[in-house]
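Descriptive analysis of the structure
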Amino acid sequence: MTPSLLQHRALVLFSGGQDSTTCLAWALSRYQTVETLGFDYGQRHAIELAMRPQLLEKIRAFSPEWDARLGQDHVLDLSLISQLSHTAMTQNIAIEMLENGLPNTFVPGRNLMFMMVAATLAYRRDISVLVGGMCETDFSGYPDCRDDSMKALQVALNLGMATRLNIETPLMWLDKADTWQLAEKLGGSPLVELIRTDTHTCYLGERGQMHLWGHGCGICPACELRARGYQAYQQKALTNS
Ligand code: ZN
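Scoring rules and cut-offs
- Residues numbered from 1 in each chain as written.
- Predicted model: local features only at pLDDT ≥ 70, side-chain atom pairs only at ≥ 80, totals over all residues.
- Heavy atoms only, no water.
- Salt bridge = Lys/Arg side-chain N within 4 Å of Asp/Glu carboxyl O.
- Helix = DSSP H or I, 4+ residues; strand = E, 2+ residues; numbered from the N terminus.
- Buried < 20%, exposed > 50% of the residue type's maximum accessible area, 1.4 Å probe, protein only.
- Donors = N, O, S within 2.8 Å, 3.2 Å for Na, K, Ca; no water.
- Tetrahedral: all angles 85-135°; square planar, octahedral: opposite > 155°, others 65-115°.

**Some thoughts on the pattern of salt bridges**
Overall, the coordinates contain 11 salt bridges when judged by the stated rule. The salt bridge involving D198 is made with K58; its shortest N-O contact spans 2.6 Å. Remark: K58 occurs in helix α2 (residues 47-60) and D198 occurs in helix α7 (residues 176-198); sequence separation between them is 140 residues. Among the residues examined, D198 registers a relative accessible area of 7% and is labelled buried. A single salt-bridge network, built from bridges that share partners, covers R9, E35 and R125.

Rendered as structure tokens:
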């Protein structure tokens, strides 16, 4: 915990997935007030959105401190995204690699738009820290998850809105196993268990079967990444015990 940061108000981009839930726990351990923001953009994995309210309630139950710090939840309609782009994230088409080396789950401008909308909301809510789960270490090659993209965006937003916003990306240099480890550090095995059973990552939005690493189709890139990460986390835990 960093006491000097506690006075700041933070807004977490909270989708209800593994990464953003870990980011929320990270923010709750640092900032005095933490609000959450989710987007409805016609994503195929809309089950994430459906899981958010109960996930937030369970996070509240973790400690009186987290309960007191967790503020308002916002859900905004960004259906504009599905009107603008034709991708496997919003359309019922097969997931594949494109000629430009990016998977067709990449929604151009999505994370940039998310941060811009978050910054606009933060302006109204007097919030100075935006927290996002973007990660450069273990990702699908999305250019808007890069540290440089987020740093450049922070500069652009602050210039364009005359603010002093900080964009925090606590997972930027962590791999998926490290992300599980961070959750354990923040909330012990109960938080790991909550993330394992209640968060949703699958691109296809399948809740389906409960695997060792959580619910999901088990074959899409997001499920594969989550499964590999959980396995690596467990192996590390075994090695260290
Ligand atoms: Zn899946």
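**As for the coordination of the zinc ion**
Ligation of the zinc ion by protein atoms is provided by C202 (SG), C217 (SG), C220 (SG) and C223 (SG), these donors lying 2.3 to 2.4 Å from the ion. Its four donor atoms give the zinc ion angles of 106 to 116° at the centre, a pattern that matches the tetrahedral case. When the donor residues of the zinc ion are listed from N- to C-terminus, their spacing reads C-x14-C-x2-C-x2-C. Taken as a pair, C202 in the loop between α7 and β6 (210-211) and C223 in helix α8 (residues 221-240) lie far apart in primary sequence, 21 residues in all. Each member of the pair C202 and C223 is classed as buried.

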